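Coordinate inspection notes
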Amino acid sequence: MTTQDQVNPPPPEGESSISLPGIYVSLTDLPLDILSIMDKVRSPEAGAIVTFAGTTRNNFASKPVTSLTYTSYRPLALQTLSSIASSLLTKHALKGIAIVHRLGTVPIGEESILIAVSSAHRKAAWLAGEEALEECKEKVEVWKREEFEDGGVWRANRDGHQGAEVKEGNKGE
Amino acid sequence: MSATPKPAAPGNFTILYFATATSFTGKNVESLPAPLSLRKLGDVLEERYKGIREEVLGHSLVTINLAYVDVPEEGEDDVIIQEGDEVAIIPPVSSG
């Protein structure tokens with residue numbers, strides 16, 4: 001009945017992005033660079049660039065995390081990132097907005113997401129930067145898996161703490 | 001740029017699994033026979049992966065060709081998954 005099951009994860013795909021006027025969103029397997037994302041939103045009409053860097057924590061509720069891995073439904077996640085960016089660009093009259101998310105294994109303490117927004121005045125940029133992060137955490141089709149000494153969990157932002165345990169003998173990767 | 005695997009064989013659609021759905025099925029992707037009523041998708045998956053309805057599907061959303069769809073209740077118009085469609089099971093996300 002099943003014709004082409006595929007058990008192994010697809011190979012790393014490097015970087016995929018969408019660029020539109022005032023908008024840059026990207027998913028990448030490479031380390032993130034704050035300067036290059038700032039350059040994506042730099043504008044002579046802007047009086048402020050606000051940036052946010054989300055970094056990977058070494059514990060969850062005091063329990064040591066040994067590594068973190070992000071996976072994604074890339075085409076859908078890019079579509080969602082682009083839609084979030086587009087609505088904030090309009091809502092806050094931004095000059096530019098850029099969001100990049102790293103995928104694959106991210107070493108502890110490194111950046112997993114960068115957001116940069118530019119606007120004529122700082123208030124709009126502060127607000128838009130925070131909203132962009134909250135929207136991403138709620139909607140973007142990226143999943144974080146935390147590995148502990150005694151197994152791994154898929155984290156869920158929705159409830160903040162209760163991911164599903166990866167069951168013994170039921171590991172998909 | 002796409003994570004999309006090669007198209008499903010004739011008479012099939014592609015279904016993608018992520019996160020807890022991958023862990024539960026042991027797969028990232030597979031092909032299932034089309035056409036299939038979206039309302040029956042849960043039954044088909046439950047038959048293949050006992051317990052997936054409660055453990056995974058109950059907390060997940062479904063997309064067809066990159067668009068979210070509501071799984072119809074009894075009495076509502078059904079959606080038919082067609083040959084070549086790309087369906088995905090979307091568990092609660094955790095970006096950032």
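Each chain carries its own residue numbering, running from 1 in the written order of its sequence. Following the order in which they are written, the chains are lettered starting with A and the ligands numbered starting with 1. With pLDDT at 70 or above as the cut-off, local features in this predicted model cover only qualifying residues; side-chain atom pairs require 80 or more to be listed or tallied, and sums for whole chains, interfaces and linings still use all residues. Each side-chain value is derived from all of the structure's non-hydrogen atoms; neither hydrogens nor water enter the calculation.

We count it as follows: UniProt positions are given in the numbering used here, feature names are shortened, and annotations may be inferred rather than shown by experiment.
As annotated in an unreviewed UniProt entry, chain B carries the name Molybdopterin synthase sulfur carrier subunit and is attributed to Podospora anserina. Checking UniProt for chain B, the heading Sequence similarities (unreviewed entry) contains the comment "Belongs to the MoaD family. MOCS2A subfamily." Per UniProt, chain B has the following entry under Pathway (unreviewed entry): "Cofactor biosynthesis; molybdopterin biosynthesis."

As annotated in an unreviewed UniProt entry, chain A is Molybdopterin synthase catalytic subunit from Podospora anserina. We quote the UniProt Function (unreviewed entry) comment for chain A here in full: "Catalytic subunit of the molybdopterin synthase complex, a complex that catalyzes the conversion of precursor Z into molybdopterin. Acts by mediating the incorporation of 2 sulfur atoms from thiocarboxylated MOCS2A into precursor Z to generate a dithiolene group." Annotation of chain A in UniProt includes, under Sequence similarities (unreviewed entry), the sentence "Belongs to the MoaE family. MOCS2B subfamily."

**Quick look at the packing of helix H2 (residues 74–91) of chain A against helix H3 (residues 122–139) of chain A**
All names here are of chain A. To keep things clear, this is the line we draw: Lines are fitted to the C-alpha atoms to define the axes, a helix being fitted only along its stretch in contact, and any angle between axes, read from their N-to-C directions, falls within 0 to 180 degrees. The helix and strand labels rest on DSSP assignments: H or I over at least four residues marks a helix, E over at least two residues marks a strand, and numbering proceeds from the N terminus. The scheme is simple: roughly parallel for angles under 35 degrees, roughly antiparallel for over 145, roughly perpendicular for 65 to 115, oblique for anything else. Each crossing gets its handedness from the near helix: less than a right angle anticlockwise from the far helix is left-handed, clockwise is right-handed. Should any heavy atoms of two residues lie within 4.5 Å, those residues are considered in contact. Three categories are distinguished: nonpolar for Ala, Val, Leu, Ile, Met, Phe, Trp, Tyr, Cys and Pro, charged for Asp, Glu, Lys and Arg, and polar for the others, with Gly belonging to the last.
Their axes nearest at 10 Å, the elements H2 and H3 cross at an angle of 155°. With respect to H3, the element H2 is oriented roughly antiparallel. Our pair here, H2 against H3, has a crossing hand that is right-handed. Where H2 abuts H3, its residues Thr-80, Leu-81, Ile-84, Leu-88 and Lys-91 lie against Ala-128, Glu-131, Ala-132, Glu-135, Cys-136 and Lys-139. Of the residues assigned to the contact of H2 with H3, the class counts are six nonpolar, one polar and four charged.

**Focus on the side chain of Ser-119 of chain A**
All names here are of chain A. Stated formally: Buried, partly exposed and exposed residues are distinguished by accessible area as a fraction of the type maximum, computed with a 1.4 Å probe on protein chains only: under 20%, between the cut-offs, and over 50%, respectively.
Following the sequence through the fold, Ser-119 ends up in strand E8 (residues 111–119). Residue classification places Ser-119 among the buried positions, given a relative accessible area of 1%. Beyond its immediate sequence surroundings of up to four residues, Ser-119 is in contact with Ala-46, Gly-47, Ala-48, Leu-94, Lys-95, Ala-124 and Ala-125.

**Quick word on the UniProt feature "binding site: substrate" (unreviewed entry) in chain A**
Residue and element names in this part refer to chain A. UniProt tags His-121, Arg-122, Lys-137, Lys-144, Arg-145 and Glu-146 as "binding site: substrate" (unreviewed entry). Spanning 26 residues, the named residues do not form one spatial group; their C-alpha atoms are separated by as much as 38.4 Å. With respect to the helices and strands, the residue His-121 is situated in the loop between E8 and H3. Taking the relative accessible area as the measure of exposure, His-121 reaches 62% and is therefore exposed.

**Thoughts on the side chain of Ser-118 of chain A**
By the secondary structure assignment, Ser-118 of chain A is in strand E8. Ignoring any residue separated from it by four or fewer positions in sequence, one finds Ser-118 of chain A in contact with Val-41, Ala-46, Ala-48, Ile-49, Leu-94, Lys-95 and Gly-96 of chain A.

**Concerning the pairing of strand E9 (residues 142–148) of chain A**
Residues in a regular strand point their side chains to alternate faces of the sheet. Residue and element names in this part refer to chain A. Which entries qualify depends on this criterion: Strand pairing is assigned whenever DSSP identifies at least 2 bridges connecting the two strands.
Burial analysis of E9 places seven of its seven residues in the buried class, the great majority of the element. Judged by which residues are buried, E9 turns out to be covered on both faces: Val-142, Lys-144, Glu-146 and Phe-148 on one side and Trp-143, Arg-145 and Glu-147 on the other are all buried. For E9 and strand E10 (residues 151–154), the ladder comprises four bridges, and the chain directions are antiparallel. By the bridge assignment for E10, Arg-145 is matched with Trp-154. Taking the residues between adjacent antiparallel strands as the criterion, E9 and E10 are bridged by two residues.

**Brief notes about the sheet that holds strand E2 (residues 23–28) of chain A**
Residue and element names in this part refer to chain A. Strand order in this open sheet of five strands is E1-E2-E6-E8-E3, and the pairing throughout is mixed. The open sheet has two edge strands with one neighbour each: strand E1 (15–20) and strand E3 (48–55). Recorded for the sheet is a direction-independent mean angle of 5° between the axes of neighbouring strands. Where E2 meets strand E6 (residues 96–102), six bridges bridge the pair, whose relative direction is parallel. Counterpart to Thr-28 in the pairing with E6 is Arg-102.

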